[in-house]
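The primary structure of each chain is shown beneath.
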Amino acid sequence: MCYAIPGKIIEIKDNYAVVDYFGEKKNVLLGVKNVSLGDYIYAQGGIVVSKISKDNATRTLRIWKKQFFELKKIDKKISQPATNGNLLGLMQKVNLGKNLASPELQRLLEMRENKEVQLLLETANNLRQKELGNACCVHGIIEFSNHCRNNCLYCGIRRGSKINRYRMSVGEIIETAKYAVKKLGFKALVLQSGEDDWYDEKKLVKIVKEISELGVLIFLSIGERSKKIYKKLYLAGAQAALLRFETSNKKIFAKVRPGTNLEKRVELIRYLKKSGFIVATGFIVGLPEEKNEDIIKNILLTKDLGADMYSFGPLIPSPLTPLAGQKLLDKNFLLKIIAVTRLADKNAKILVTTALQTLGGDALKMGLIAGANSLMINLTPYKYKKNYQLYPDRDRNKDDVKASIKNAINLLYSLGRAPTDLGI
Ligand code: SAM
Ligand code: SF4
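Quantities reported herein were computed from a predicted structural model and do not represent experimental measurements.

Draft legend 1. Fine view of the packing of aromatic side chains. A complete count under the given rule lists 11 aromatic pairs for this structure. Ring geometry for F22 and F69: centres 5.8 Å apart, planes at 65 degrees, overall edge-to-face. On the criterion of sequence distance, the pair formed by F22 in the loop between strand 2 (16–21) and strand 3 (24–29) and F69 in helix 1 (residues 54–78) is long-range, its members being 47 residues apart. F69 sits in the partly exposed class, given a relative accessible area of 37%. Grouped by ring-pair contacts, the aromatic residues F22, F68 and F69 constitute a single cluster. When the ring centre of Y42 is taken as reference, the NZ or CZ atom of K187 above it lies at 4.2 Å. When the ring centre of W198 is taken as origin, the NZ or CZ atom of K203, which lies over that ring, is 4.2 Å away.

Here's what the structure looks like:
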């Protein structure tokens, strides 16, 4: 099985290349050395992660060719919106390359009438299809430690939670990644943990170095570690980072993340972007005292940070945390946020999160047809995964990884999505 389609380099300009996927062109950064015009490559997150031989590529492309065009047809059909004057006016503004103002975005978010909401979601999906085609990223995530020095009020693995703690050894993390890349075919992996200093610079560099040699895009999701460590990890081969700012509201941030500071977190995200990392960032929706206005500010801050990927999802209250009594959000509200995000940033790569899935059986699918275009598959070994309980029932199924992959791929195909890279 394969979660990425190889592309051919048809042009090289400075540090980026134009890659052709069956006639569709994407710009990608040249992440590996020794690639030249005419080479076949795999790209993830807008960066070349590995080069493959012409024979190999031709064989894979032959398998993909018919299906690729069929998937495009399905995607195009699903993404045609009906019409509505008001919304079309805003759409036209977006099409003309103009930004929607905050009150316009908020008006969209606050639409209640069923028909209008449906149209909003369809419009967002149509925009996604027009701007980015049917490309969809599939990333794997390995949750390697549930130890954390922080005490975020929303998080089930916070310092104060009485849970079974685990740490995967350096060797186990590398072996899990090797299996994911070599046997399962993943081209992008998220390495996630609490803020756990047990993994010092030396251990992290070893992990990153060995995994990056497999020809895979590594997203670090290790929280607020020093700029020096991030720099070392970048040099060791980690080219991407996932770090949400969580909320742009200073007061809410201070309440829910005691001992940490919004400015410092945002500054670190900006530093990562400036240092060359592909940055995935975003927020949690549904924190206490949050208003719709805050959600729009969150979307706009994500855009302002130059997010290469938007990562946001609902708060799922955990009984182990002080936010146990917080109300669970309605799935449709989250879908509207995805759609509004798409209208706020037509080129956004938007991830559908596990937390969204927790809101209802078909939430992943609904998210993908409300404007999103990336998803993650959990690759953490079950004996550890069951203790990475940010909230109850999170990815609890014992399904082996292959079954989750099969479900995700079937879902993508049913929507006409193909795992080509989304480009930059
Ligand atoms: N410790 C790192 C950090 O905080 O950036 C990475 C791991 S942390 C568990 C990953 C993300 O989980 C956080 O950015 C947060 O938004 C999300 N999260 C934590 N608890 C959650 C909950 N109860 N519901 C939804 N998302 C949650
Ligand atoms: Fe730790 Fe991240 Fe959870 Fe906060 S959200 S307690 S930093 S794991």
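There is more to say after this.
Draft legend 2. Region of the structure containing the site of ligand 2. Taken together, the residues surrounding ligand 2 are C148, N150, C152, Y154, C155, I157, R158, G194 and R257. Considered class by class, the residues forming the shell around ligand 2 number five nonpolar, two polar and two charged.

Draft legend 3. Summary view of helix 11 (residues 331–344). Taking 1.5 Å per residue as the helical rise, helix 11 with its 14 residues ought to reach 20 Å, and the 20 Å between its terminal C-alpha atoms agrees with that figure. The buried count for helix 11 comes to 13 of 14 residues, which makes it a mostly enclosed element.

Draft legend 4. Quick peek at the site of ligand 1. Around ligand 1, the surrounding shell holds 18 residues, and the nearest of these are Y154, R244, E246, R265 and I316. Within the backbone of Y154, one N or O atom sits 2.8 Å away from a nitrogen atom of ligand 1. Summarising the interface, the protein chains cover 92% of the accessible area of ligand 1, which totals 550 Å² for the free molecule.

Draft legend 5. How the structure looks around the nonpolar core. Residues L189 and I211 are the most contacted members of the largest nonpolar core, which totals 114 residues. Broken down by element, this core gets its largest block of residues, nine residues, from helix 11. Residues Y21, F22, A57 and A240 belong to the second largest nonpolar core, which totals 35 residues.

Cut-off values and rules
- Residues numbered from 1 in each chain as written.
- Chains lettered and ligands numbered in written order.
- Predicted model: local features only at pLDDT ≥ 70, side-chain atom pairs only at ≥ 80, totals over all residues.
- Heavy atoms only, no water.
- Phe/Tyr/Trp six-rings, centres within 6.5 Å; stacked < 30°, edge-to-face > 60°.
- Helix = DSSP H or I, 4+ residues; strand = E, 2+ residues; numbered from the N terminus.
- Buried < 20%, exposed > 50% of the residue type's maximum accessible area, 1.4 Å probe, protein only.
- Lys NZ or Arg CZ within 6 Å of the ring centre and 35° of its normal.
- Near = heavy atom within 4 Å.
- Nonpolar A, V, L, I, M, F, W, Y, C, P; charged D, E, K, R; others polar.
- Expected span 1.5 Å × (residues − 1).
- Polar contact = N/O pair within 3.5 Å; in protein donor to acceptor, adjacent residues only side chain to side chain.
- Areas by Shrake-Rupley, 256 points an atom, 1.4 Å probe, with all protein chains shown as cover.
- Core = buried A, V, L, I, M, F, W, Y, C linked by side-chain atoms within 4.5 Å.

That is the geometry; function is a separate question.
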